[in-house]
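Spelled out, the chains give:
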Amino acid sequence: MARIGVIALQGDVSEHVLAMQKALQGKGEVIEIRKAGLIAGCSGLVLPGGESTTISRQLANSGMTEELKAAAKAGVPILATCAGLVLVSKDIGGEAKVKPLGLMDIKIDRNAFGPQRESFETDLQVAGFEKPYRAIFIRAPAIAAAGAGVQVLARVGEAIVAARQKNLLALAFHPELTDDTRFHQIFLKMLEA
Amino acid sequence: MELENLRFGTELLKRGFAKMQKGGVIMDVTTPDQAIIAEEAGAVAVMALHAVPADIRKMGGVARMADPAIIEAIIDAVTIPVMAKARIGHFVEAQILEALGVDMVDESEVLTPADEFHIEKTKFTIPFVCGARNLGEACRRIKEGAAMIRTKGEAGTGDVSQAVLHMRMIQGQIRSLKGMDDLQLMEAAREIEADLDLVRECARMQRLPVVNFAAGGVATPADAALMMQLGADGVFVGSGIFKSETPAAMATAIVQAVHHYDDPKLLAEVSKGLGAAMKGLDAASIPAAEALQTRGW
């Protein structure tokens, strides 16, 4: 049975837990991970939205950084949203405030769309989806450049906002804030692989 | 991608912004240097002010929105969200803050109220946080468009007792709605002068439908953890950091305390050697006319 761990250091953790439970439909459990020692027991992981500077600092303090890197390397599927997207990246463009985990071959433009005033909802065209996907962007980052091994799933203008690289699914928006579980379904399929 | 396809300032975006702050500490700052200290300590956002509440209390006079130049300098100094306070009912101060690129407005009783009515917050693109002492106040603010609630507490005192009182009041009132039938909910809504749909929602969810932070008197890591154990989604710290002896260490410790609020051993560890907390003021000693929490309704 699937056991999904939501990294619960800061951000919209309970929303992620509920959205994942809904997607699982009883075929697995969701746990909140607030300290080291629990990541190894999970078949999938979620890095939620929140403030990437805060989460990055807490990850380092909690000793979870190495555990997360090891899980990613071992092929454990990771769903990273918004701040999570920043954290899984290799390169955040010279900013020293956040130490990314360097798991995914992408370059991030943090807060690519401006302050909260510029936060938006939009219908995204997503590779592999029949109908558009309503996406919620909140002070969102974007992927400015992606390596050859990264599959681009959606864009807003030029900016890449959804991408996949092997066991990593990274989204600039918040699938946990809407009822549409299609990205969660992709993630759960990754668990079966 | 058609740009006209984008929608801004929806309820979901406003409440969603507040959700991203959960489990975090929002710190009052008056200079870019303080904002950088707050960010480095792990704050999820800063509140840009011309003076912290303890000083506003001391100075007396009319307290207004901060100088836009200070707010701009603080926005430029950090990458975390920047909030700023507008007077209760002063919708033009709020318009100015929105134009400056502030991420959230605190319609705050710490400043001198401009109107007996609060701001019509649904008209704005950016979200608002408002103070509340009880469920009725919280629901009225949410109905006006607040995307986040915080306890009023008694700002600038460093005395956590009023924040505790207000948090217990809101939680207790929500618990009392449990199991009521719709007629009883109608009666309850009338009694607390709140919108019925919101009261129904609180009864069903057994919490406020928006993020609920603690504020108004949090001065130590233990205070912050206390508010979290009482059910706060996060904590605002006003004067508590930069009125303490060691602001950077205090800021870091309070962030740790909010993350590990239910781990007393860790709380003991992070509380060590912080020097004196802000001196503070016993909230019970404040004459009724000087209390900030009774501003607004």
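Residues numbered from 1 in each chain as written. Chains lettered and ligands numbered in written order. Predicted model: local features only at pLDDT ≥ 70, side-chain atom pairs only at ≥ 80, totals over all residues. Heavy atoms only, no water.

Draft legend 1. Spatial organisation of the interface of chain B and chain A. With 43 residues of chain B at the interface, the matching set in chain A holds 41 residues. Summing both sides of the interface, chain B and chain A together bury roughly 3200 Å²; the carbon and sulfur share of this comes to 51%. At the junction of chain B and chain A, the tally comes to five salt bridges. Taken together, chain B and chain A are joined by 25 residue pairs in polar contact (both at pLDDT 80 or more). Considering each element in turn, the side of chain B that touches chain A owes the most residues, six residues, to helix α1 (residues 11-19) of chain B. Looking at the side of chain B that touches chain A residue by residue, the class counts come to 20 nonpolar, 14 polar and nine charged. Alignment of strand β7 (residues 120-124) of chain A against strand β1 (residues 7-8) of chain B, held across two bridges, turns out to be antiparallel. Looking at β1 of chain B, one finds that Phe120 of chain A is bridged to Phe8 of chain B. (Contact = heavy atoms within 4.5 Å. Buried area = accessible area lost by both parts, 1.4 Å probe. Salt bridge = Lys/Arg side-chain N within 4 Å of Asp/Glu carboxyl O. Polar contact = N/O pair within 3.5 Å; in protein donor to acceptor, adjacent residues only side chain to side chain. Helix = DSSP H or I, 4+ residues; strand = E, 2+ residues; numbered from the N terminus. Nonpolar A, V, L, I, M, F, W, Y, C, P; charged D, E, K, R; others polar. Pairing = 2+ DSSP bridges.)

Draft legend 2. Here's a closer look at the nonpolar core. One finds Phe137 and Phe173 of chain A to be the most contacted residues of the largest nonpolar core, which totals 69 residues. Once you skip the residues sitting within four places of it in the chain, Phe137 of chain A turns out to touch Phe113, Ser119, Phe120, Thr122, Leu124, Val156, Val161, Ala172 and Phe173 of chain A together with Leu13 of chain B. Within the second largest apolar cluster, 51 residues are counted, among which are Val78, Ile126, Met250 and Val255 of chain B. (Core = buried A, V, L, I, M, F, W, Y, C linked by side-chain atoms within 4.5 Å. Buried < 20%, exposed > 50% of the residue type's maximum accessible area, 1.4 Å probe, protein only.)

Draft legend 3. Highlighting the pairing of strand β5 (residues 104-108) of chain B. Residues and elements named next belong to chain B. Here β5 lies mainly inside the structure; five of its five residues are buried. Across the two faces of β5 the burial is the same, with Met104, Asp106 and Ser108 and Val105 and Glu107 all buried. As paired elements, strand β4 (residues 82-87) and β5 share five bridges and run parallel to each other. By the bridge assignment, Met83 is partnered in β5 with Met104. Running through helix α5 (residues 91-100), the crossover from β4 to the neighbouring parallel element β5 is right-handed. Where β5 meets strand β6 (residues 128-132), three bridges bridge the pair, whose relative direction is parallel. (Right-handed = clockwise from strand over helix to strand, strands pointing away.)

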